[in-house]
Amino acid sequence: MKLLIRPVCVDDAAAWRGMRKALWPGDGDQHAEDIRRFFAGERLEPAEVLMAFDETGHAVGIAELSIRAIVDSCAPGRVGYLEGWYVSATARRKGIGRALVQAAEDWARAQGCAEFASDTELDNSGSIAAHKALGFEETGRVVQFRKSLL
Ligand SMILES: CC(C)(COP(=O)(O)OP(=O)(O)OC[C@H]1O[C@@H](n2cnc3c(N)ncnc32)[C@H](O)[C@@H]1OP(=O)(O)O)[C@@H](O)C(=O)NCCC(=O)NCCS
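Residues numbered from 1 in each chain as written. Predicted model: local features only at pLDDT ≥ 70, side-chain atom pairs only at ≥ 80, totals over all residues. Heavy atoms only, no water.

K.L.:
Can you help me understand the environment of Tyr 81 in this one?
P.N.:
Secondary-structure assignment places Tyr 81 in strand β4 (residues 79-87). Between the C-alpha atom of Tyr 81 and that of Ala 63, which follows or precedes it by 18 residues, the distance is 9.9 Å. In contact with Tyr 81, not counting residues within four places along its chain, are Glu 64, Leu 65, Ser 66, Arg 68, Val 71, Phe 116, Ala 117, Ser 118 and Asp 119. (Helix = DSSP H or I, 4+ residues; strand = E, 2+ residues; numbered from the N terminus. Contact = heavy atoms within 4.5 Å.)

Given below as structure tokens:
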């Protein structure tokens, strides 16, 4: 498949929002606000968003990227981080996810990062398998906690 991968621009906002809603359905209306802030210049998390387009120009995937200072099992400093990774259900298993990660790694290298990291849910076996297929090594599994202090 002939693919184009490029950073998102304002015209991609609706497609980006749709993919975010599919990837993180619990986040309600937060996506619109996050996208608005990104295009207003707030480039922290994510610092960059790459979008993949098929040969018809249809958006088929995204990689949301950041640079983290501290990542478990990585040297402190600038670590490229795959904050979000999504390919439309009908476009999966065709190499689009791989192409997005390769472009993401190129971006991180250009930002001065020597390592690239990611995470996924414990029960997301497809994502875990895809990460491993792309050369990520598993460095740990966590259970997170919170409590209110009010
Ligand atoms: C994870 C995801 C982005 C992968 O995208 P994709 O376009 O299907 O990935 P690719 O086709 O490029 O596959 C990359 C590699 O991972 C492997 N892979 C992909 N999905 C897999 C699965 N469900 N089970 C096993 N291996 C898988 C592929 O075989 C390929 O390896 P290979 O080149 O050695 O054959 C996609 O499945 C997705 O959007 N899933 C839902 C959202 C999600 O879980 N995102 C990740 C958490 S943030």
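K.L.:
Help me understand unusual backbone geometry in this model?
P.N.:
Note the cis peptide between Glu 45 and Pro 46, where omega equals 5°. Position of Pro 46 relative to the elements: it lies in the loop between α2 (30-39) and β2 (48-53). Phi is positive for Ser 73, which is not a glycine, with a value near 70°. Relative to the helices and strands, Ser 73 is located in the loop between β3 (59-68) and β4. For Ser 73, a relative accessible area of 54% gives the class exposed. (Buried < 20%, exposed > 50% of the residue type's maximum accessible area, 1.4 Å probe, protein only.)

K.L.:
I keep staring at the pattern of salt bridges and nothing clicks. Help me out?
P.N.:
Opposite charge on two side chains permits them to pair, given that their charged atoms come into close proximity. A complete count under the given rule lists 12 salt bridges for this structure. Note that Arg 43 and Glu 48 form a salt bridge whose closest N and O atoms lie 3.7 Å from each other. The partner of Asp 106 in a salt bridge is Arg 109, with the nearest N and O atoms 2.9 Å apart. In this pair, Asp 106 and Arg 109 are both assigned in helix α3 (residues 96-110), three residues apart and thus about one turn of the helix distant. Given a relative accessible area of 52%, Arg 109 falls into the exposed group. Counted as one network, the salt bridges with shared partners bring together Glu 33, Arg 36, Arg 37 and Glu 42. (Salt bridge = Lys/Arg side-chain N within 4 Å of Asp/Glu carboxyl O.)

K.L.:
Where do I start with the site of the ligand in this structure?
P.N.:
Taken together, 18 residues lie around the ligand, and Trp 85, Val 87, Gly 97, Arg 98 and Asn 124 are the ones closest in. Take Arg 93: an N or O atom from its main chain is 2.9 Å from an oxygen atom of the ligand. In the complex, the protein chains occlude 74% of the 920 Å² of accessible area that the ligand would expose alone. Elements supplying a minimum of two residues to the shell around the ligand: β4, α3 and α4 (125-133). At five residues, α4 tops the list of elements feeding residues into the shell around the ligand. Partitioning the shell around the ligand into residue classes produces eight nonpolar, six polar and four charged. (Near = heavy atom within 4 Å. Polar contact = N/O pair within 3.5 Å; in protein donor to acceptor, adjacent residues only side chain to side chain. Areas by Shrake-Rupley, 256 points an atom, 1.4 Å probe, with all protein chains shown as cover. Nonpolar A, V, L, I, M, F, W, Y, C, P; charged D, E, K, R; others polar.)

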